[in-house]
Amino acid sequence: MVSLRPLLQRRLLSTTASKNPHNHRNCNNNRIRSQKWAIKQVTKSNFSDSVEELKNHISSSDFVAVSLRKTGSFSAPWHRVSPFDAPETAYFKAKYAAERFQILQFAVCPFSIRADKLIAHPYNFHLFPRDELRTGMPSYSFSCQTSHLMSMAREGLDFNTCIYDGISYLSRAQETAAKVRTGNPQRASHVIESTSTPSVADSVFIERIKSRVKHWKNACKNSGTSVDDVLLISMRKLLLGSENYGSRPSMTIDVCSERQVQLVLEMLQGFFDELVPLIIPAKGGGTQAVRVVLTISKEDKDLLESELRDLEEEQTKKVRGFREVIDLISASQKPVVSHNSLNDFTFIHSKFLAPLPSNMDEFKSSLRSVFGHVLDVNHLMREIGSLGKVSSIPAAISYLRNRFFLPTNVEVPQQVMSTEDKILGTRVVWLCQLFTKLCSILKIDLNAVRFGNDSQLVSYANIFNACFTNSQESTDGDIRVWSNSRKKVSSKDLIFLWGFRNGITAGMLKSMLQGSHEVFSEEFNVRLVDKSSAIVVFWQPGLSETFLDAMKSFELSEPLREMVSEGLRASGYEIYMKACSLHLRETNLADSLEKALVCHDSETAPGIKPSEIQWSEMMIDFDNL
């Protein structure tokens, strides 16, 4: 006997979904989330082989998508990048998060578009900042947020695997410091002869070192042809400073300055072809000595130099760790696709390149020297006004799928399909899908993308403003505070209020302000930043200064005097920017503004340039999930 209940249930579900578009979107969302792809999980044990595979996939692909999973991003609501943040302020917030938290997963996906097929090669790298060389780098400690750890645990992250088998790394700056701290001899780079005339002291130093090296070299050659007493050989080595580098004789030349290092290298290159110089770094930086190794022939010299190159490469790989992946992406100069470029690339710069610069312009300049073209899907989404509010990539893909005909198939041609029920790294494939669909809607041809001045994607590249405004809409000094309003206002016309009673709403605060001063007889808006503070927008220029001057004086109207007596405080935008730049990250914005106000020196504080800011509800931020 066949039961009809399952069949009826399926029909009922189908009918309900077709009648309720919201349910249909949920079904699409669940279907997107349940998709499984062969995403290669990479740890320390299979890192070397995976890097070789990734190198080939990057070479054959047109784009590289990246998606990071971090131990945290912000500790309080106002720490998040907000619509009213100027680009510089947004950078201060992203910089603080990048320096405080760590990356535990770094998904990389080279991909291409061939006809209607998206060909993706996703890798999910498990990272852990382990001090491999015992040099105190990359990190002794970092902050964690439970919500981020729980999210990764739900996706299947095994923290034991991450800690014990996660891939370590050093940034480029840390690698240079590590080589100095280890004190291992390094090959002398190509010597460029100095154009300056040697001084008398330089000439005396050169002649003394040349004489010493000549006697040492002759002694090494003579000792190989005569039968000497063991004690005599030992005494000769002691007097001449001779030692062995492997099986070859060597000697160490102490130097007191980089100038002497240059003189020694020039002298060796000009008079002793059979000698190979090595640089011994000092613990505190600079050069401690030059070690000279004697070879017996040109073939032996070539062999030694080859051995030194191989040894240096092996040591560099061990020190570099995951940064080898960053270097591969950089060397390829392929466009890099992300979903929150300011947040992601401040982390990437901080962990894998060098400490973050002090301002946004230096950050963009430094990053562009490594990644030529960075594309953020959030900026592409702004070109499609019908997208509305979306909080995740699956929701955005579902939205586009229901409204546009976008027949794109995803192919992940990995050789081994994981049988484990894990979704680690899946987001980077969603990111590739969303990027492809957005470009299709915007009529951007990805089948033969070439990043020249005439490329359609150039206008979307290297934009690190979290709240992006079209260049056609940009006007110096203008801010658009709400996405559903075309009105713009200068940052000079924003003020921050705090010190009002708990539980007050924006509407209640606006009602209290109306009639408390003449400036509030004009059009203005109020929005809570957090439970302790609010932002007031004056649509008429100059009113903010009038109000702040009134707050500093004793001539207050009765309603405003009462509010001030209860603790109301006010400041301009520059105090908020100072709180962000000084990393005054209290839980409540009011406490940070109070400290910034105390620190503020009106005579020495740099002025803030009016900046364009756009409030947007369409930012995809995985930290919200």
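Bear in mind the structure is a predicted one, so any value in this text is a computation, not a measurement.

This paragraph deals with the overall build of the protein chain. Of regular secondary structure, the protein chain possesses 22 helices and 17 strands. Buried residues in the protein chain amount to 50% of all 625 residues. If you take every contact in the protein chain between residues at least 6 apart in sequence, the share linking residues at least 24 apart comes to 77%.

With that out of the way, let us pick up the pattern of salt bridges. One pass over the structure, following the stated rule, counts 21 salt bridges. For Arg69, the salt bridge identified is with Glu155, shortest N-O distance 3.5 Å. Taken together, the residues Arg69 in strand E2 (residues 63-70) and Glu155 in the loop between helix H5 (146-154) and helix H6 (159-165) connect sequence positions 86 residues apart. We note that Arg69, like Glu155, is buried. Between Glu99 and Lys95 there is a salt bridge whose closest N-O contact spans 2.9 Å. Here Lys95 and Glu99 lie together in helix H4 (residues 87-100), a separation of four residues that amounts to about one turn. The class for Glu99 is partly exposed, based on a relative accessible area of 39%. A residue is classified by how much of its surface remains accessible, and Lys95, at 13% relative accessible area, is buried. One connected set of salt bridges, linked through shared partners, spans Arg172, Glu175, Arg320, Arg323 and Asp327.

What follows concerns H5. Every buried residue belonging to H5 is among His148, Ser151 and Met152, and all of these are buried. Looking down the long axis of H5, one finds its buried residues gathered within 95° of arc, a one-sided arrangement. Among the exposed residues of H5, those oriented more than 90 degrees off its buried face are Thr146 and Arg154. Residues of H5 that are buried in the fold lie against E2, strand E3 (103-114), H6 and helix H17 (426-441).

Moving on, we get to the environment of Arg561. Checked against the element boundaries, Arg561 lands in helix H20 (residues 558-565). The exposure class of Arg561 is partly exposed, given its relative accessible area of 37%. Along the backbone, Arg561 and Ser516 are 45 residues apart, and their C-alpha atoms lie at a distance of 8.5 Å. Polar side-chain contacts of Arg561 include one of 3.0 Å to the side chain of Glu558.

With that settled, the discussion passes to the nonpolar core. Within the largest apolar cluster, 66 residues are counted, with the highest numbers of intra-cluster contacts made by Phe106, Phe125, Phe322, Phe345 and Phe371. The residue makeup of this core includes at least three contributed by each of domain 1 (40-170 + 322-460) and domain 3 (487-624). Beyond its immediate chain neighbours, meaning those up to four positions away, Phe106 contacts Val66, Ser67, Leu68, Tyr123, Asn124, Phe125, Leu127, Phe322, Ile326, Ile348 and Phe352. Membership of the second largest hydrophobic core comes to 37 residues, among which are Phe111, Ala396, Val428 and Tyr460.

So, on to the packing of H4 against helix H13 (residues 341-353). Contact geometry of H4 with H13 gives a least axis separation of 9 Å together with a crossing angle of 50°. One finds that H4 runs oblique with respect to H13. For the crossing formed where H4 meets H13, the hand is right-handed. Residues Ala90, Tyr91, Ala94, Lys95, Ala97, Ala98 and Glu99 of H4 form the contact with H13, whose participating residues are Leu342, Thr346, Phe347, Ser350 and Lys351. In terms of residue class, the contact of H4 with H13 is made up of seven nonpolar, two polar and three charged.

Turning next to the sheet that holds strand E16 (residues 533-538). One open sheet holds the four strands; their spatial order is E15-E16-E14-E17, and the pairing between them is antiparallel. In the strand order of this sheet, the two ends are held by strand E15 (524-530) and strand E17 (569-572), each with one partner. The mean inter-strand angle of the sheet, taken between neighbouring strand axes irrespective of direction, is 25°. Bridge count for E15 against E16 is six bridges, and the pairing is antiparallel. Paired with Asn525 across the strands is Val537, a residue of E16. Strands in contact with helix H21 (residues 573-581) are strand E14 (494-498) and E17; relative to E17, the strand with the most contacts, it is inclined by about 85°.

Thresholds applied
Residues numbered from 1 in each chain as written. Predicted model: local features only at pLDDT ≥ 70, side-chain atom pairs only at ≥ 80, totals over all residues. Heavy atoms only, no water. Helix = DSSP H or I, 4+ residues; strand = E, 2+ residues; numbered from the N terminus. Buried < 20%, exposed > 50% of the residue type's maximum accessible area, 1.4 Å probe, protein only. Contact = heavy atoms within 4.5 Å. Salt bridge = Lys/Arg side-chain N within 4 Å of Asp/Glu carboxyl O. Arc of directions from axis to C-beta. Polar contact = N/O pair within 3.5 Å; in protein donor to acceptor, adjacent residues only side chain to side chain. Core = buried A, V, L, I, M, F, W, Y, C linked by side-chain atoms within 4.5 Å. Domains from an automatic or database assignment. Axes fitted to C-alpha atoms, helices over the stretch in contact; angles between N-to-C directions. Parallel < 35°, antiparallel > 145°, perpendicular 65-115°, else oblique. Left-handed = near helix turned anticlockwise from the far one by under 90°. Nonpolar A, V, L, I, M, F, W, Y, C, P; charged D, E, K, R; others polar. Pairing = 2+ DSSP bridges.

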